[in-house]
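Chain by chain, the residues run as shown.
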Amino acid sequence: MTVLRVTDLEVGYAGGARAVRGVSVTVGAGEVLGIVGESGAGKTALALAVMGLLPGGATVAGSVRLHDEELVGRSDAELSRVRGKDLAMVFQEPALTPVHTVGDQIAETVRVHCGVTRAAARARAAELLDLVGIPGAARRARAYPHEFSGGMRQRVMIAMAIANEPSVILADEPTAALDVTVQARVLDVLRAAKEAVGAAIVLITHDLGVIAGFADRVMVMRGGKVVETGPVEQIYREPRAAYTAGLLRSIPRIGGADAPRPRPERPVVLRVDGLVRHHPVLKGTLVRRRAGTVRAVDGIGFDVREGETLALVGESGCGKTTALMEILRLSRPQEGRVVVLGQDTASLNAARRKALRRDVQVVFQDPAASLNPRMRVAGIVAEPLTTHGVPASLIKGRVGELLEQVGLKTEHARRYPHELSGGQRQRVGIARALALEPRILLLDEPVAALDGSAQAAVIALLEGLRERLGLTYLFVAHDLAVVHRIADRVAVMHMGRIVEIGPVGDLYRAPAHPYTRALLDAVPVPDPLLERGRRRVLLRGDTPDPMTPVRGCRFRSRCPRYPMLPAADGRLCEEQDPSPGRETDRLVACHHPLVTIGAE
Amino acid sequence: MAGFLVRRLVGRGVLVVLAGSLAYLLAAGVLDPRAEFEGRAPRPPEAVVEARLSALNLSDRVPLASRYRIWARGVLHGDFGRTQEGEPVNAELWRRLGVSLRLSVPGSVIGSVLGVLLGAYAAVRRGQGADRVITAGSYLLLAVPVFVLAALLQMAAATANDAMGVRVFAWVGESTPGEPGAFRGLVDQARHLVLPTATIALAQFALYCRYQRGLMLDVLHADFVRTARARGLRRRRALLRHGLRTALIPMITYFSYASGLLVLSGVFTEKIFGRHGLGEWLVDSITRGDVNAVAAIECAAACAVLPAGLVSDVLSGLLDPRLRAGAAA
Ligand SMILES: Nc1ncnc2c1ncn2[C@@H]1O[C@H](COP(=O)(O)OP(=O)(O)OP(=O)(O)O)[C@@H](O)[C@H]1O
Ligand code: SF4
Ligand SMILES: [Mg+2]
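Below: a short report on this structure.

What counts as what
- Residues numbered from 1 in each chain as written.
- Chains lettered and ligands numbered in written order.
- Predicted model: local features only at pLDDT ≥ 70, side-chain atom pairs only at ≥ 80, totals over all residues.
- Heavy atoms only, no water.
- Core = buried A, V, L, I, M, F, W, Y, C linked by side-chain atoms within 4.5 Å.
- Buried < 20%, exposed > 50% of the residue type's maximum accessible area, 1.4 Å probe, protein only.
- Helix = DSSP H or I, 4+ residues; strand = E, 2+ residues; numbered from the N terminus.
- Contact = heavy atoms within 4.5 Å.
- Buried area = accessible area lost by both parts, 1.4 Å probe.
- Salt bridge = Lys/Arg side-chain N within 4 Å of Asp/Glu carboxyl O.
- Polar contact = N/O pair within 3.5 Å; in protein donor to acceptor, adjacent residues only side chain to side chain.
- Nonpolar A, V, L, I, M, F, W, Y, C, P; charged D, E, K, R; others polar.
- Patch = residues over 30% accessible without salt bridge, like charges linked within 9 Å, V, L, I, M, F, W, Y side chains within 5 Å.
- Areas by Shrake-Rupley, 256 points an atom, 1.4 Å probe, with all protein chains shown as cover.
- Lys, Arg positive; Asp, Glu negative; His and termini not counted.
- Charge placed at Lys NZ, Arg CZ, Asp CG, Glu CD.
- Pairing = 2+ DSSP bridges.
- Axes fitted to C-alpha atoms, helices over the stretch in contact; angles between N-to-C directions.

## Topic: the nonpolar core
Taken as a class, soluble globular proteins show a tendency for nonpolar side chains to be buried jointly. Residues and elements named next belong to chain A. Leu4 and Val168 are the most contacted members of the largest nonpolar core, which has 94 residues in total. The element contributing the most residues to this core is helix H6 (residues 150-162), with 8 residues. Residues within four places of leucine 4 in sequence aside, it is in contact with Val25, Thr26, Val27, Val50, Val64, Arg65, Leu66 and Val168.

## Details of the interface of chain B and chain A
Size of an interface: often given as the accessible area lost when the parts come together. Residue-level contacts link 25 residues of chain B with 32 residues of chain A. Around 2,600 Å² of area is buried between chain B and chain A when both sides are counted, 58% of it from carbon and sulfur atoms. Summed over the three residues of chain B that lose the most area to chain A, namely B:Arg226, B:Ala230 and B:Arg231, the buried surface amounts to 24% of that side. The tally of links from chain B across to chain A stands at 4 salt bridges. The residue A:Glu108 makes a salt bridge to B:Arg231 at a minimum N-O spacing of 3.2 Å. Viewed at the interface, chain A and chain B are joined by 14 residue pairs in polar contact (both at pLDDT 80 or more). For the side of chain B that touches chain A, the elements supplying multiple residues, two or more each, are helix H1 (2-30), helix H9 (223-230), helix H10 (235-247) and helix H15 (321-328) of chain B. Across the side of chain B that touches chain A, the residue classes break down as 8 nonpolar, 5 polar and 12 charged.

## As for a positive patch on the surface
The grouping of A:Arg81, B:Arg125, B:Arg234, B:Arg235 and B:Arg236 at the surface amounts to a positive patch. Take B:Arg236: it is sitting in helix H10.

## Some words on the sheet that holds strand S1 (residues 2-12) of chain A
All names here are of chain A. On the basis of which strands lie adjacent, the open sheet formed by 4 strands has the order S2-S1-S4-S5 and antiparallel pairing. Lying at the two open borders of the sheet, with one neighbouring strand each, are strand S2 (18-28) and strand S5 (69-70). Here strand S4 (residues 59-66) runs beside S5; their pairing, made up of 2 bridges, is antiparallel. Bridge assignment links leucine 66 to a residue of S5, and that residue is glutamate 69. Sheet strands in contact with helix H1 (residues 43-51) are S1, S2 and S4, and its direction is about 115° off that of S1.

## Digging into helix H14 (residues 377-387) of chain A
A:Val377, A:Ile380, A:Val381, A:Ala382, A:Pro384 and A:Leu385 are the residues of H14(A) that are buried. Among the structural elements, helix H15 (392-405) and helix H16 (422-434) of chain A are those in contact with the buried residues of H14(A).

## Some details on the sheet that holds strand S18 (residues 472-477) of chain A
Residue and element names in this part refer to chain A. As summarised here, the arrangement of the 7 strands in space is S16-S17-S18-S13-S19-S20-S21, forming an open sheet in which the pairing is mixed. Every other strand in the sheet has two partners, leaving strand S16 (360-363) and strand S21 (587-588) as the edge strands with one partner each. Of the pairings in the sheet, the one linking strand S20 (residues 497-503) to S21 comprises 2 bridges and is antiparallel in character. The residue of S21 that forms the bridge with isoleucine 501 is leucine 587. Strands in contact with helix H11 (residues 320-329) are strand S13 (309-313), S16, strand S17 (440-444), S18 and strand S19 (489-494); relative to S17, the strand with the most contacts, it is inclined by about 150°.

These values are about where atoms sit, not about what they do.
Here it is as structure tokens:
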């Protein structure tokens, strides 16, 4: 039975952009329809049009029928009786009103639609919070949104969406802002919620892995039009449209056979030993007192050889970027040692440090924020050259060369950053980093802000540059599939520590630390059959507060292995902080690793 | 929260002491009371002037540091010294403070409440007729100087009085001399308050209206308002319960401090309507070079910021749970 039928829908934004052009689609009762497409394909516009929540000035034509009732052209008052009752939506940003408690906001959702008492609505709110897996629901209902993590807020959004047992839930990128581990749990909650109320779900995402495990049917969109629609197996196995095939090819995948390669015997260009970076947390207005310490980086060590790529992975807040920034500072760390190209950063004088700066360059996550919006591309790329005193006569030629190296055309040199696409902007960032012919490139989530195809192209570029210029990369990322493609070695970070380090192939095939295992399990596989057949170990709880020190293993509260251990073994986890040994190629900081690692 | 408030209060207390001292030093250093005495006709003999100045702790022949010490000791005992005429500053200060407060408190409360409401309404109706009218009105009010506004109001009131044939509005001074009976007296005082209060309220209204409209525009498209609508709230309800409530928070701080300072900034209104308040006194005292009076008024203004800050802290804490958490931690 069809619950939602969209026919020839057209959406135009004020300013003339035609976001949706003639889309027709149906959603059956209890069905999950996945909508994929690159950024700007009109996915969000479609969802907002169905909800009747497009911004002012937008025009809608065509028809949206829910249970055979037309929604297009209805008044706000009429639509508000449907919204949140029979048709609910979960947004990408879990945006809750900051000044009301989450319990009140859920209760409000219940009360606007049915005249139950305040107390009954409160009770229902607690019940819903419990359903979406918030521990201590009755107590947590009195918390304000800022006291919840991103994943918990998204679960509250789901709780509100199912509060009145709607027949359709629209979910627009519900997990795009979350870590993989959290994403996996939120998707599970969404699935459970769907089962509980029997709603149909329209899941919008650009992540084909998420769709594979979740959707029954898939609709591929591009430029406001439907490219193709079909059952999920068919779309993944034999897509009819070339565009879909290309989209599927561009996904970085984990897996495939890669033979274990021995580490090349090349000189170490970057060595980090027991590096510590603690941030004091201050409080008070007139008199500032130290209230605690965030152990952002708490004694990490690794080495990177010439031409090698080491990836630092982990959930948000685990200290990846801080570690990178500590290395980039090229000065004495709070504790530990950083040795760059054979020089200890603690002993550098200003002149030597400046010389070394040329060899270590950085590329940031957000190309839009890291490029000066008022400078042309040519000026941005030339900037490091001028600061390091390269004669003006040489600069122009060098800029052209650099742009060519990163696959930009000469005409791009005259543009401003906002006149480029996301992928092109990131290329400018890379060109700027390459200007001084560095030997080490520090990359902080260089492709996280890009969508599928742009991501694949930038990764290919980075790989090519590494070959041609003999660069060494330290690559920070949270996307394990991207890391699998580009890195030789991986270091997994958790709460300021490296819990496991090793060659990509070994580590992905046989993770030794329970945390690594959980991270890998959380990554959805872009293949419907494999994804559904998989057994996964998910993490319990969120990352603990980094300010409270933990005795013993700091992963214990979330470790899936710890509760299974016999009491005697478990005591070790409670009492001793497992530390990775030193100076080997594969290390794990766990008392009871999942696979034994041969002591070399 | 109580501990947090006490800490903030202590911090502000230190600031008030600093501000008060600075005000005295500046006034004593810059103003020239000697000139005032010497300018009197007939010109008093030099020795008399000096004796008079010394008695009032105003003599510029005494080092500034020792004058300050004497003044500060007095203030610590709750005594702001004497005016040039030899009257105690304290009595005058209290009297005028009352006059100013009676004028500024209702004016600013009415003005800010109206401003917030109409500003928020204009934002919701952005670009439509109501928004245009409100925006044009508030810009006009901002552009018109207070004394022009006051004069216009007086003209309007006079026309109204004539039209009705009774004197409904009165605006000179605080009350009509010789109005009999306690009740009639109160009514008469209220009657005299209408125009000056309206002047202050209108000027405040324009500021608050502009500010609130801007704040409200920011939350109009906020994701949480959209979320609220997606849950089934009508646009108006979502904007009121979720949008306005959030957009009010930055306003509170502004409101508290602005009304703390309003005690002084009512000077034009006081002058025009013949009300002898603090603002008027400050201007007169500066022209006369009356150091002690100027310092006392400045101290009073600095102290007014204390309760204003306290009100701001309490209100923001009540409205914004994020602040509360920060305070408790
Ligand atoms: N408020 C707006 N005003 C004008 N144009 C808009 C507005 N919002 C979106 N657009 C345009 O409408 C088109 C479709 O946008 P939409 O947000 O639906 O894309 P999407 O598929 O959801 O992309 P993403 O994956 O980045 O979320 C784009 O060309 C976009 O630039
Ligand atoms: S040491 Fe114990 S608690 Fe820590 S990761 Fe290993 S098994 Fe889990
Ligand atoms: Mg979108």
